[in-house]
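A structural walkthrough
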Amino acid sequence: MRATVERGAWLLTVIVLLALATGCTRKTTLMQRDTTGPVAAAGGDSTTQLLHAAEQAWDAQSDDAGAATLTLRAVREDLRGRPPHDWVARAGELLDSLGVGVETAGGPCGMMVNVFVRADPGRGSWPALYWCDGALVRSQEVEGRNMRLLGMVSAGGSDSLTHGAPLRAAALFGRSRLGRQEPLLFAWSRRPRDTKWKIVQTLGPDSLGGFGTGAFEAPSDSATDLVTRTFHTPRGWDECNTCPHVLKEHRFRWQADGFHRVADRDVPSTYATFVSFVDAMQSDLARAQTLVSDPSLIQLATQYQFDHSRGTWRIAPATEDAGSELRIFRGGQEAYRVTFEPRGDDWVINNIQTVARSVE
């Protein structure tokens, strides 16, 4: 009897020690970064585990890219089984609860998610594309890191194998440079049976016009356009980041083989009229005549030596390009009050006068 009790006690001790050892060595394993595979069948609390691992990775601040990958995987896991039209709202809700900054764009069966550190956006951002593949949800990290997500569109094909899945996708991002934003476009495509997207087109500042912003528009049921409003600082002018700018609008039509430019136009404003007038006074008086309401203003501008390059132009502080009057500085001493009147869809100058230069 005593031997039996001793053996039982010994076995119980071994079992307890093994259980304690197993609990102490249990770890959360960081997952591989290949995010193209489909979400596994439903089961367990995989989303919760991924979110917990992602939270720990963000807090460690040693591998933000790895934390982003875990976060983007958790989003995909959570979307499994949800209606595609709920994806955008659900992704925002999920990541907000985690405390991760997120930008979303797109729609059912074609969504872009861009995650970043909410408390420190300068640490970077990481985008991923999510799409339907039959009943599966797939995702893939894509180009566009360390940029803002401005918009996203997707389009399917007529092939019955797609089951409504998109075969083309495009996203517009904003890249910060010199304290200003440059729009950049990335476009991807895939064949019906492919589980990965390939980049097929990139449009940068040279094509999209420089600094500014943009958006996707649908001018008709069968067309999608990318429209950007961008600018470059004119020669002879000094422009702050929040100052008015001479904007140009560029329109690109999305076709089967990519985005193609279909229209460009100047965006009317009083500031754009005056910048054009100063340039015309020094290079094309005939054009300058079209920018004033009275030809005598050409003589007045000549008296003020607008036809000579004699100092940097800039708009006075706190002046907005929203009314019919601007205050303009030139060099270190000159200041002018310029008023305008509408002509068609644009503006022309109807008066120029010198004014005292206020303390800046």
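What counts, and at which threshold
Residues numbered from 1 in each chain as written. Predicted model: local features only at pLDDT ≥ 70, side-chain atom pairs only at ≥ 80, totals over all residues. Heavy atoms only, no water. Phe/Tyr/Trp six-rings, centres within 6.5 Å; stacked < 30°, edge-to-face > 60°. Helix = DSSP H or I, 4+ residues; strand = E, 2+ residues; numbered from the N terminus. Buried < 20%, exposed > 50% of the residue type's maximum accessible area, 1.4 Å probe, protein only. Lys NZ or Arg CZ within 6 Å of the ring centre and 35° of its normal. Disulfide = S-S within 2.5 Å. Arc of directions from axis to C-beta. Contact = heavy atoms within 4.5 Å.

1. As for the packing of aromatic side chains
- Summed over all chains, the structure comprises 19 aromatic pairs.
- Taking the centre distance of 6.1 Å and the plane angle of 90° together, the rings of Trp-237 and Phe-274 count as edge-to-face. Here Trp-237 is found in the loop between strand 10 (223-231) and strand 11 (248-255), whereas its partner Phe-274 is found in helix 6 (residues 270-283), with 37 residues between them in sequence. Of the two residues, Trp-237 and Phe-274, both sit in the buried class.
- Among the aromatic side chains, those forming a connected cluster through ring pairs are Trp-237, Tyr-271, Phe-274, Phe-277, Tyr-304, Phe-306, Trp-313 and Tyr-336.
- Above the ring of Trp-254, the side-chain terminus of Arg-168 is found at 4.4 Å from the ring centroid.

2. Some points on the state of the cysteines
- Overall, the coordinates contain two disulfides when judged by the stated rule.
- A sulfur-sulfur separation of 1.9 Å characterises the disulfide bridge that pairs Cys-109 with Cys-132. One disulfide, between Cys-109 and Cys-132, carries an S-S torsion of -85° and so falls in the left-handed class. In this pair, Cys-109 sits in the loop between strand 1 (101-107) and strand 2 (110-116) while Cys-132 sits in strand 3 (residues 125-133), placing the two residues 23 residues apart along the sequence.
- Accessibility expressed as a relative area gives 15% for Cys-109, which makes it buried.
- Residue classification places Cys-132 among the buried residues on the basis of a relative accessible area of 5%.
- Covalent S-S linkage joins Cys-240 and Cys-243, the inter-sulfur distance amounting to 2.0 Å. In this structure the cystine formed by Cys-240 and Cys-243 twists about its S-S bond by roughly 105°; its chirality is therefore right-handed.
- By relative accessible area, Cys-243 is classed as buried at 16%.
- Each bonded cysteine of the protein gets a number by its place in the sequence, and the pairs then read 1-2, 3-4.

3. Some words on helix 8 (residues 296-303)
- Those residues of helix 8 that sit buried are Leu-297, Ile-298 and Ala-301. Angularly, the buried residues of helix 8 cover 105° about the axis, an arc narrow enough to put them on a single face. Projecting away from the buried face of helix 8 at angles above 90 degrees are the exposed residues Gln-299 and Gln-303.
- Once helix 8 finishes, Gln-305 follows within two positions and takes phi at roughly 60°, a positive value.

4. Things to note about the environment of Asp-78
- Topologically, Asp-78 is positioned in helix 3 (residues 64-79).
- You can call Asp-78 buried: its relative accessible area is 10%.
- In this structure the C-alpha to C-alpha distance between Asp-78 and Thr-48, which are 30 residues apart in sequence, comes to 9.1 Å.
- When residues no more than four places from it in sequence are discounted, the contact partners of Asp-78 are Thr-47, Arg-90 and Leu-94.

5. Structural notes on unusual backbone geometry
- The backbone of Leu-178 shows a phi angle near 55°, a positive value even though the residue is not glycine.
- Relative to the elements of secondary structure, Leu-178 occurs in the loop between strand 6 (166-177) and strand 7 (180-189).
- Note on Leu-178: relative accessible area 65%, which makes it exposed.
- One non-glycine residue, Ala-318, lies in the positive phi region at around 70°.
- Within the secondary structure layout, Ala-318 lies in the loop between strand 13 (313-315) and strand 14 (325-330).

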